[in-house]
There are 2 protein chains.
Amino acid sequence: MSSFDQIVNLIADDLSAVEAKLTENTASEYSFVDMAVQHVVEGGGKRLRPILVVLSAKARGYEGADAHTLAAVVELIHVASLVHDDVLDEAAIRRGRETLQTKWGNKVAVLVGDYLHARVLSMLVSRRADDPAMAILADTTQAMCEGEVIHAYKSGDFDISEEEYLKIISFKTGKLIAASCTLGAILGPHDTQQIEAFTTYGKQIGTAFQIVDDLLDFVEDPEKLGKNAFGDLREGKLTFPIIHTRKVCDDNEKQTLEKVLNPDTDETEAITFVESLFQKYGVEIHCLEIAQSYADRAKTALTNIPQSDARTALQNLADYVVSRDS
Amino acid sequence: MSSFDQIVNLIADDLSAVEAKLTENTASEYSFVDMAVQHVVEGGGKRLRPILVVLSAKARGYEGADAHTLAAVVELIHVASLVHDDVLDEAAIRRGRETLQTKWGNKVAVLVGDYLHARVLSMLVSRRADDPAMAILADTTQAMCEGEVIHAYKSGDFDISEEEYLKIISFKTGKLIAASCTLGAILGPHDTQQIEAFTTYGKQIGTAFQIVDDLLDFVEDPEKLGKNAFGDLREGKLTFPIIHTRKVCDDNEKQTLEKVLNPDTDETEAITFVESLFQKYGVEIHCLEIAQSYADRAKTALTNIPQSDARTALQNLADYVVSRDS
């Protein structure tokens, strides 16, 4: 069994409870809305964020149902952001399934994203007044949007540095992954230092996760990815591997790289050129090393958390985030 | 002074306070995000929903600052929905200003809408646990999305009935306008019957408002509207005047109408034909009569509310919604 399957097995009952919450809290009495929403919610994915909520809660000794509610909330925020991402990227498939806009058009897709946000609000209505979850989620959704807007605004900017890019992804991806860990951790007894350790863990694996995500777009089998290879590149999206390549390659290569990012360039030519640069400069290994360094920092953050199966699972998850192939 | 200006004058200080809340609660430390958000928030519009919150609160004897916060919240929800509408309608201008996607592209526009929702969540975080505003707004945003999704899904459906259409707009437009009145009204002393009167008032003027909005697209000077005339028609959007015309015209005209709704038809030809049908069947007068009947029901709903300047203003506002020309 893979390390990921072992983790999922450890919390299988919790994850079933999360799925039930997801279905219950997204149902619409309007059959078309219901169908469109279930299409994306059941679209699957690894449920990384729910897993992080549940494991963080367990690692702090909490075993109740509120972890399932919060896990469903973060997953819905994540799914909503994917739905809007797919609209903007004009993505035709995601995880091997047709995207909403392929099936029913852009309009339905934008609105389903909005609908999921509305349902998140409904799920938060009944919480205690002093519950910090609301403030954490408000802050998180705001930061995600800010990160996305800045990334969209910078999308034509070939000169974006690795540092700027890492800051953007810490907003776009890192914040919600970190929030998942924080939300789980605060369900345990109050202890600021311990809770912060989980937030740090989440921030670090968030960055590792996104770097590997960026890399998989270039090196992975499209069948496994469930989406088109070199998709980011063909949309002119600058991600970590390209930003790094641009930093290390020579001026001639830099100029060709800029041309290759233009969607008018022949696809095969573009891919062949990028692959040759990746080979020459060891880009794949470099990206994996950087991602592993974030994963290692994530594991270190949990050093002072008392030993438990959940803590071990979180540490294994950090390595899995780097070693995964889809 | 127009009746609308008189209403605005009556609550000028409150509306300034609402504007301050809007600016304060949408500011971003990222200058580009800030600029894009202010572009739409300051885009103006009549601030109908804030006016309704403030007047409903006053008509129930409440004069505090929470009305300004709730007024800003409903306005942000409204602006967010306009931003996403403009993306989906590919609108180039709104209220005489370039839309976000014209200035900075679709991506920024979708994300700014999401950002405004995130800010709404932030504004709700600090409210009391037993505050009904959260539940009302969660229910409202969900219904708005459901209405929009169903409308988008039905957009190819030429056979939509007046009743179906009125139900859709009661969700898309009516819910938030009704919620504005309810949120104002609950700030006064607890009295279920009185609060319900304001909700009913809001539902009725919401429908009146949308029917007139639909009509203005056909009959008003584009300069006044701040957007292109016949925009709905050219996008193939079926709105109340067309749905009504289709019901009353003969079979030949019905067939031609269907052709005219196809964006490939010559624009002048399409407009001339629709105008001739409007003339023949008195569509403009019919729409105004229907809208006025909703406005009258709105006024009647407030009959048992104690007399005050605010109540009078709400009743005048119902008439203004029908008589306005932009």
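Please read these numbers as outputs of a predicted model, since none were measured by experiment.

1. Comments concerning the relation of the copies chain A and chain B
Part 1 of the reasoning: Of the two same-sequence chains, chain A is brought onto chain B (RMSD 0.0 Å, axial shift 0.0 Å) by a rotation of 180°. In short, the pair behaves as if placed about a two-fold rotation axis.
Part 2 of the reasoning: With an isologous cut-off of 70% or more, the 100% of interface residues of chain A that recur at the interface of chain B puts this contact in the isologous class.

2. Notes on the interface of chain A and chain B
Part 1 of the reasoning: If you look at the interface, chain A gives 38 residues, while chain B gives 40 residues.
Part 2 of the reasoning: With both chains or domains summed, chain A and chain B bury close to 3900 Å², and 78% of this area falls on carbon and sulfur atoms.
Part 3 of the reasoning: Counting every contact that joins chain A to chain B gives six residue pairs in polar contact (both at pLDDT 80 or more).
Part 4 of the reasoning: Those elements giving two or more residues to the side of chain A that touches chain B turn out to be α3 (31–41), α5 (66–89), α7 (106–125), α8 (133–153) and α9 (162–185) of chain A.
Part 5 of the reasoning: Looking at the side of chain A that touches chain B residue by residue, the class counts come to 23 nonpolar, six polar and nine charged.

3. Looking at empty space enclosed by the protein
Part 1 of the reasoning: Considering all chains together, one arrives at seven cavities of 30 Å³ or more under this definition.
Part 2 of the reasoning: Estimated volume of the largest cavity: approximately 460 Å³.
Part 3 of the reasoning: In terms of lining, the largest cavity is formed by 30 residues, of which the most central are D114(A), H117(A), A118(A), D114(B) and H117(B).
Part 4 of the reasoning: Counting residues per element, the ones that place at least two in the lining of the largest cavity are α5, α7 and α8 of chain A together with α5 (66–89), α7 (106–125) and α8 (133–153) of chain B.
Part 5 of the reasoning: A class-by-class count of the residues in the lining of the largest cavity yields 16 nonpolar, eight polar and six charged.

4. Points about helix α16 (residues 283–301) of chain B
Residue and element names in this part refer to chain B.
Part 1 of the reasoning: The terminal C-alpha atoms of α16, which comprises 19 residues, lie 27 Å apart, in line with the 27 Å expected from a rise of 1.5 Å per residue.
Part 2 of the reasoning: Restricting attention to buried positions, one finds in α16 the residues V283, C287, A291, Y294, A295 and A298. For α16, the arc enclosing every buried residue in end-on projection is 100°, short of the 170-degree limit, so these residues lie on one face. Exposed residues on α16 whose side chains face more than 90 degrees from its buried face are I285, E289 and T300.
Part 3 of the reasoning: For α16, the secondary structure elements touched by its buried residues are α9 (162–185), α10 (192–219), α13 (240–248), α15 (267–281) and α17 (309–323).

So, how was this worked out
Residues numbered from 1 in each chain as written. Chains lettered and ligands numbered in written order. Predicted model: local features only at pLDDT ≥ 70, side-chain atom pairs only at ≥ 80, totals over all residues. Heavy atoms only, no water. Least-squares fit on C-alpha atoms with pLDDT ≥ 70 in both. Contact = heavy atoms within 4.5 Å. Buried area = accessible area lost by both parts, 1.4 Å probe. Polar contact = N/O pair within 3.5 Å; in protein donor to acceptor, adjacent residues only side chain to side chain. Helix = DSSP H or I, 4+ residues; strand = E, 2+ residues; numbered from the N terminus. Nonpolar A, V, L, I, M, F, W, Y, C, P; charged D, E, K, R; others polar. 1 Å grid on protein atoms, 1.4 Å probe; cavity = no way out; pocket = protein on both sides within 12 Å on 5 of 7 lines; lining within 4 Å. Points joined across faces, edges and corners; volume = space filled by probe spheres on them. Expected span 1.5 Å × (residues − 1). Buried < 20%, exposed > 50% of the residue type's maximum accessible area, 1.4 Å probe, protein only. Arc of directions from axis to C-beta.

The quantities given are spatial measurements derived from coordinates; they are silent on function.
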